Each structure stands twice: as structure tokens, then as C-alpha cells.
Amino acid sequence: MQLGSKTQFSKVEQAFHELSGAPSISTQIPYILVDNFPNLGLFTSLRFLEWVAQNPTGVISLPTGKSPEFFIKWTKFLLENWDNEKGKEVLEKYGIIDTPKPSLENLHFVQLDEFYPISSAQHNSFFNYVSNYYIKGFGLNPKNALLINSDEIPLPHGLTYTDIWPNSKVDLSLRFSECKTKQEKLQQEAIFMIDNWCMQYESAIRAKGGIGFFLGGIGPDGHIAFNTRGSDFNSTTRLTETNFETQAVAATDLGGIEISANRLVITIGLQTITFNENATAIIIAAGEAKAGIIQQTLEHTPSNLYPGSVLSKLPNARFYLTEGAALRLSDRVKNTFLQGEWSPEKTERAIIGLCKKLNKYGHHLTQTDLQNDLFTKTIPGVSEQTVSTVINQVVEKIQRGMVQEKNEVFLHTGPHHDDIMLGILPHIANHFHEPSNEFHFAVLTSGFTAVTNKFVIQALENTKRFLEAGKIQMILYPDFFEFGFKHKRDKDIYHYLTKVASGNEVEKQRGFCHRLVRAVTEVYKVTNLQELYNAINDIVSILRRSYDGEKNPPKIQQLKGMIREFEEELVWAHYGVKGENVTHNRLGFYKGDIFTEQPEKDRDVIPVLEMFRRINPTVLSLTFDPEGSGPDTHYKVLQTTADALREWKKEKDLSNLRVWGYRNVWYKFNPSDANVIVPVSLNDMSNLNDVFTNCYLSQVEASFPSYELNGKFSKVAQKIWVNQLRDLQLLLGKEFFYQNTDPRVRASHGLIFYKEMTVDVFLGYARELKKSAEGSAS
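Treat the numbers as computed from the prediction; the structure is a model and nothing was measured. (Residues numbered from 1 in each chain as written. Predicted model: local features only at pLDDT ≥ 70, side-chain atom pairs only at ≥ 80, totals over all residues. Heavy atoms only, no water.)

Within the protein, the secondary structure is distributed over 28 helices and 17 strands. Here the C-alpha radius of gyration of the protein, 28 Å, is about what a compact globule of 778 residues would show, namely 28 Å. Considered along the principal axes of its C-alpha atoms, the protein spans approximately 75 × 70 × 60 Å. Counting all 778 residues of the protein, 59% fall into the buried class. Partitioning the intrachain contacts of the protein with sequence separation of at least 6 by distance along the chain shows that 79% fall at a separation of at least 24. Of the roughly 31,900 Å² that the protein leaves accessible, carbon and sulfur atoms contribute 49%. (Helix = DSSP H or I, 4+ residues; strand = E, 2+ residues; numbered from the N terminus. Rg over C-alpha atoms; globule rule 2.2 N^0.38 Å. Buried < 20%, exposed > 50% of the residue type's maximum accessible area, 1.4 Å probe, protein only. Contact = heavy atoms within 4.5 Å. Areas by Shrake-Rupley, 256 points an atom, 1.4 Å probe, with all protein chains shown as cover.)

Take a look at the structure:
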């Protein structure tokens, strides 16, 4: 990009731009790259403090959620260490060593958005978030803050929103429709009063001169603040609905899609953000999952389909992106191919990309096609033979994915329950029938946040009914409450799966409730039947009094985690794996907080190391996200696993240990990045969906869905596998599949990609990622 008089990088921006290789930029809004998620937080923090030093009484608006984690941590770190060696080292590296320590106490703060209705006392309200992390955490003056407190927005006759909307569902059609009841008339009046409050909020922002420093994330549909796809560029602060993608992302905050789908939001508008034409407006985005919407936002003509494109109005607007988030930008694609040494991976990516671009089969590509394409023409010695070579390379990957493994000890690991099956279930299933193989599974966190209060309440009420009907007879054994509850857990599993086979839904529930009784007995140290009833009643009472998305007490967290553990045991019992071969690590950093703790050696790493020693695997599978920007737990589990491997390597030769890095519904491999491709049949897909539906009882209703599909995660995984086959069909030709001599290829209607690595290669990847986080996580 030619930086003209209206577009100049700040010192911090220039430093990061140069560190990224100072690539040319052709987008309408400038962007700057960092290599990963933690560095994105460092960059954003330095630019923020640089701006504050120049604008000590300016107006700022900062984001909520998980995205700002490292921004918040780095800001605190820098403010605490500005004048000592640790701080000066960072400041000097990024060009602002001479900048005096900024003071934040005279800044003015504007809250971006909020769910409505929601109590400001709830930890999952944005009011609570900004009060804790920004007002209190950054030492801002609350008198200078414009906040959205649902409890204080005036409503008719001094009523509360629970009086007016007992079910928390606000019907905006009442703005325009005739009221049929007194309650509807009251609700209509309330909506108009909220609209008036929003108008006053907008006026208050403009009275401050507008927002001077805006920092926001970008949603899967392109939303900034809660300005979803289709928002008017002239929009102002308003009460509005959201779309499915936004509701899916918000489901984790609010306790499920059932809640987020029925919550409205109050959000500043796109014109609110751009009102101050001198504003510094920054959008941060991390990870390949954002690559599509980033490319559309930055490379398309400004449009309400891409709300972030409104920032093209502002000369000081920027997008700060990780490499993954920028993956599809034309500039980055060009740089990938045209800079650095050429590699077989580049050749493969270029040829597959050309097939997709021309919608042409690989064997139909001509020399003219290859020479006319910007990327394939740069392949050294490119010819039609190059295409044949790439085809052969991909075929070799598929053949590698069909090798029948023998005499292996598999340890398949995942951060959460269902990660393993959604990543590589068909591949695992291919090896179960070989008797020389040994299988172990490990889920490293307890995963309790994925279980809704509603599900637990219903399950416990069912349990009480079975107890009262005398249908759970194991409690009658005299030693049950002493130690009997610990035994015959595999019997629960077998009973449940037998009833799956017979289609008896009531007996399936009874089987599940058996395990739930064991779990309640263990967690609450129950000693008799009356105490069991008391514990069940107490849990139900606590959950009924809790708001959706509220952090549960530790014992209920443990109970929810044990529900997920039972579900995971059910999955692998389909293939004859005993419960003792399924390890539940329950790593201690996972506590259900907004920002999870950093893993600790004694608490988190040593248990994983002991598991490695005990199982002594020859093949280790793990989730392999491209950056530290996927679900936060994925990054921290990866680092825990890497640290445990480093410790194990000190006492054992791991040169023969193979590491399988897989991805599932959160990230996808480019075919050139994977070195193993596994054919997936319709039978595999049917099996995936059946197992998911029958085993993951707490997930069947998809309370926490992917934004890509309103349904079960198994359907999302299937969609990914089908799309991956479609991409390679263009390269290989359909006849490669339906005329193949191998029936496994002929039967394939999807493909799984993964990367096999040595321990050293994996540790090198993990080490580079961790470097960037040093100093910010303490």
C-alpha cells in the first residue's frame, strides 16, 4: 500500500508492519498482520496505549468476550511495568520507548452493546464485563462512562423488565402492530421508552465528540458490535434483533441457543462508530475461521452485507489480523506463492486452487491454463506433468489414510468431549477390528460448560421418578453408598447401549439415571437414600434459582462433567472399549471462567505425563489448531500436551512416537497442509450421526451450535468432510472415486484430512506459538 497523507501508520503500527515483512496492501481498509493470537493482543494493547498517550481525555469503546483476553493482559502488564526493564524492553522493540506512561483515569468510556433484557449483576452481562475488566481493571473513572445497564433503563410506571416481559421475550413487532391486550399495550409503551433511551445514549456519545478510539471484533456474519449483516451504514444506537450466526456465538455466554435466540440486544450503530471522522477504529480477528468474512469485508465494495466495510469511511481505520484470519486475502495469497522458497506444498495448493478457480478437473488443465494463472505460472518448470505429479501426491495421501495399522497402542486425545469423534471417528473405527491394536482415549477437560441447567434438571427429575418407582435397585445393596457405587460402571454402559439397540427410550433413560445416581453419590458423599433425595432436590433448587449462563458451584460443575464423561464412555463402548480405557483428566485450569487460567506444571502437566507413562502410546492424536486462536481451551490443552511430551522425552526415546494432528468443526486443513487423507463412506457418516445422537445426550438439542449450521455438531463435521471431498474431486476427477479398484475409495463421499508428525516437529510448532505468550500470561 502506498501510504498517502490520509493514511499513515503510527509508530507501533509501523513496527508491526515491518515485522510482518512490510507486505504490499491493496485493500480499501489497511490491515496489519501478526503471527498469532497472543501477539494480536500485544499489538492492540501497544496501539491503544500509544493513542491514549496522545489523547488522555479521549473517548474509547472496547470489546467484550474472549477476543480481548490478551489485549487486557498486555495492557495491565505494560501499565504495571512501563518504567522498569521488562516494560522498556517491549516499548523499545515497538518504537515507543520515549512515550511517557499514559494515564487512563481521564478517558471517557462508551459501552458498545448489551443483551436485553439481562440483569447487570449477571457475570455474563456486558455491563458486568466492562465494569470489571475496563472501568475497574484499567482504572477508568466511572463518572466518565456511558454504560448500558438494563436494570436502570426507564420503563412504564417504574416497572421492571421482568414485570413487563416475564419470559424475557421482547416482541419488536409491537412497534408497528395493533395491541390486543393491556399487557401488549404496556410492552409497546416499554419498547418506545427503550427506543427513546437509545436515542439519548446516541446523543450523549455525540456530545462527547463521538468515539475517538474504537476496538472491536468481527462476527462470523461480519457484525461489529451487534450490527449484523444487513445493518444500515447510517444506523444509530437501537434495540434490535440478531441473526442465527450471532445467536450461536452468544449461546455460550447466555447458557444456550434457546436463550440467545430469544434475547434482543442494544447496540451502538455503524454511524455511531464512524461519527468522529478522525476516529482510530480497529477490528481484531484471529484464526482461519474468520478468513472468509475478512476477505469479503476488505475486498468487496462497501455493502451492508459486510458491516465492517463501513470503516472504509475512516482514514484511521485498521484491521489487525493473524496470519490465519488473513489467509484468503488476495495480497496474502500472492505473498504465499511469490515470496520465499518454492515447495511441493505451494505447488499442490496452486494446482488445487486453479481447479477450483476454473471449475475444471485436474486432468483437463492445459499448459495455457497453467501459464495464464498468476500462481501456477510461478511453479518452477510448470507443465501438464506438474498436474500429474500433484495428483499422484494426493493419491499417495489417500493410500496412506487406508493403511491398516497393526500392533499399535493408540492414545486419542481431545480438549473436550466429542472433539475426537468429530475429528477422526471413521479413521479410528477402521482400526478397531485389528486385534493386535490397543485403544485408549483421553478427554483433558471436564467439559461441564457444555451441559445446560435445563438438561440437568430434567435428568434429575427423571432420576427421582425412577427411584420412587423402585426402578433403580442398585441402591438397595447394603454396601452401595459406602463403596458399591464405584463398581459396575461398565454395566451402566452396557445396559444403556442394549436399550439403544432395542429402541426402548424409557430404559435408555433409566440406564443414564443409574450413572447419574452414582455421580451424585460420589460428588455429594451421599450415605443413604434420604441423603440422595436431599442432594437431588438441592441441585434442582440451585439450578432453578440460577440464571442461564451463570457459573455453577464446583460440585455442580463436577456433576455436569461426569455426565459428559459418561457420554464419552458410551461412544467408545460402541466399539468394545472398556470404561477403564477412557481417561478423564479434568485438568485444573478449566474452571468455567471467561478467561481460563494458564496451565500449571504440577496441576495440569504432570497428570498428562503420568498418563503417557501408564499407556505408553505408539500413536498419539490431538487437536492441531493453526494458531492459538481457536476455542481458548484448545490452545491451553495443546501447550499442556506439549509440555508433558517434553518431560516424557527426557526419560524415554520418543523418536518412534507418531503424532496425528487433527481438526474438527472449528478449523479445517488445506489439502496441502495435511499429509494423510482418509476416505469417509455414507456408512461412516451415518454411524457418526447415530453415535453422536445416542451418546451425547446433553448435546442432541444443539444448545451450543456452530454458527455454520443450526443443528448437531455431527452434521457440521459431515458437511466439512463432504466439502473436502468435493474440492479434491476437481483435482482427481469423479471417475477416480467411482471407478477406483479399492472399494473404500469407491464408497467414499467425504474425506478427512490430518497431519502426521514426529514428536520433534509437533514440539517445534507448540514452542513457536508459546513464545509469543511469554510475559502476558502471568
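Having seen it, we continue.
With that out of the way, let us pick up unusual backbone geometry. With an omega of -5°, the peptide bond running from tyrosine 116 to proline 117 counts as cis. Looking at the element boundaries, proline 117 is found in the loop between strand S4 (113-116) and helix H5 (126-136). Located in the positive-phi region is lysine 525, a residue other than glycine, with phi close to 50°. Looking at the element boundaries, lysine 525 is found in the loop between helix H19 (505-523) and helix H20 (529-545). Of note in the backbone geometry, asparagine 616 takes a positive phi value of approximately 55° without being a glycine. Relative to the assigned elements, asparagine 616 resides in the loop between helix H22 (601-615) and strand S14 (619-623).

With that settled, consider the confidence of the model for the protein. Averaged over all residues, the pLDDT of the protein is 93; the fraction at 70 or higher stands at 97%. Taken together, the stretch residues 1-6 has pLDDT below 50 and engages in 9 contacts with residues farther than four places along the chain or on a different chain. (pLDDT = per-residue confidence, 0-100.)

What follows deals with the side chain of glutamate 13. Among the secondary structure elements, glutamate 13 is positioned in helix H1 (residues 11-19). Judged by relative accessible area, which is 2%, glutamate 13 ranks as buried. With residues up to four places along the chain from it excluded, the contact list for glutamate 13 reads Gln8, Ile32, Phe43, Arg47, Arg318 and Tyr320.

On to the packing of aromatic side chains. Taken as a whole, this structure holds 43 aromatic pairs when the rule is applied. Their ring planes at 80° and their centres at 5.6 Å tell us that phenylalanine 37 and phenylalanine 70 sit as a pair that is edge-to-face. Of the two residues, phenylalanine 37 sits in helix H2 (residues 37-54) while phenylalanine 70 sits in helix H3 (residues 69-81), which places them 33 residues apart along the sequence. Of the residues examined, phenylalanine 37 reaches a relative accessible area of 11% and is grouped as buried. Measuring from centroid to centroid gives 5.1 Å for tryptophan 197 and tyrosine 201, while their planes differ by 25°, and the two rings are stacked. Of the two residues, tryptophan 197 and tyrosine 201 are both situated in helix H7 (residues 182-207); the distance of 4 residues between them amounts to about one turn of the helix. The burial state of tryptophan 197 is the same as that of tyrosine 201; both residues are buried. (Phe/Tyr/Trp six-rings, centres within 6.5 Å; stacked < 30°, edge-to-face > 60°.)

This part takes up the sheet that holds strand S16 (residues 676-681). If you trace the 7 strands from one edge of the open sheet to the other, you get S13-S12-S11-S14-S15-S17-S16, paired in mixed fashion. In this open sheet, the two edge strands, each paired with only one partner strand, are strand S13 (582-584) and S16. Along the sheet, successive strands turn relative to each other by an average axial angle of 25°, direction set aside. Each of strand S11 (409-414), strand S12 (438-443), S14, strand S15 (658-662), S16 and strand S17 (748-758) is contacted by helix H16 (residues 419-429), which is oriented at about 150° to S11, the strand it contacts most. On the sheet, helix H21 (residues 554-573) packs against S12 and S13 and is oriented at approximately 165° with respect to S13. (Pairing = 2+ DSSP bridges. Axes fitted to C-alpha atoms, helices over the stretch in contact; angles between N-to-C directions.)

This brings us to the sheet that holds strand S6 (residues 213-216). Pairing is parallel across the open sheet formed by 7 strands, whose spatial order is S1-S10-S9-S6-S2-S3-S5. The outermost strands of the open sheet, each flanked by one partner alone, are strand S1 (31-34) and strand S5 (145-146). When strand S3 (residues 108-110) meets S5, the two strands line up parallel, connected through 2 bridges. Residue pairing for S5: phenylalanine 109 is matched across the bridge by alanine 145. The strands that helix H11 (residues 291-299) touches are S1, strand S9 (280-285) and strand S10 (317-322); relative to S10, the one it contacts most, it runs at about 155°.

Turning next to the nonpolar core. Counting 101 residues, the largest nonpolar core has Phe48 and Leu321 as the members making the most contacts within it. Per-element tally for this core: the top contributor is H2, with 9 residues. With sequence-adjacent residues up to four places away left out, leucine 321 is seen in contact with Tyr31, Ile32, Leu33, Val34, Leu40, Ala285, Ile294, Leu298, Ala326 and Leu329. By size, the runner-up hydrophobic cluster in this structure holds 74 residues, among which are Phe466, Met474, Val517 and Ala519. (Core = buried A, V, L, I, M, F, W, Y, C linked by side-chain atoms within 4.5 Å.)

Moving on, we come to H2. Over its 18 residues, H2 runs 26 Å from end to end, which matches the ideal 26 Å to within 8%, given 1.5 Å per residue. In terms of burial, H2 is a largely internal element, 16 of the 18 residues being buried. (Expected span 1.5 Å × (residues − 1).)

The next thing to look at is the pairing of S15. Among the 5 residues in S15, 5 count as buried, and that is most of the element. Neither face of S15 is left uncovered, since the one carrying Arg658, Trp660 and Tyr662 and the one carrying Val659 and Gly661 both have all their residues buried. Here S14 runs beside S15; their pairing, made up of 5 bridges, is parallel. Residue valine 619 lies in a different strand from S15, and its bridge partner there is arginine 658. Of the strand pairs in this sheet, S15 and S17 are connected by 5 bridges, and their pairing is antiparallel. In the strand pairing of S17, arginine 658 is matched with threonine 758.

Glancing now at the pattern of salt bridges. The full count for this structure, using the stated rule, is 39 salt bridges. A salt bridge links glutamate 202 to arginine 206; the shortest N-O distance between them is 3.0 Å. Of this pair, glutamate 202 and arginine 206 both sit in helix H7, 4 residues apart, which is roughly one turn of the helix. When the shortest N-O distance is used, the salt bridge between arginine 744 and aspartate 742 registers 2.9 Å. Taken together, the shared-partner salt bridges in this structure form one network comprising Lys591, Glu597, Glu600, Arg603 and Asp604. (Salt bridge = Lys/Arg side-chain N within 4 Å of Asp/Glu carboxyl O.)

The topology assignment puts asparagine 664 in the loop between S15 and S16. Separated by 30 residues in the primary sequence, asparagine 664 and asparagine 694 place their C-alpha atoms 20 Å from one another. Residues in contact with asparagine 664, not counting those within four places in the same chain, are Asp419, Leu422, Gly423, Thr623 and Ile720. For asparagine 664, the side chain forms a polar contact with the side chain of aspartate 419, separated by 3.1 Å. (Polar contact = N/O pair within 3.5 Å; in protein donor to acceptor, adjacent residues only side chain to side chain.)

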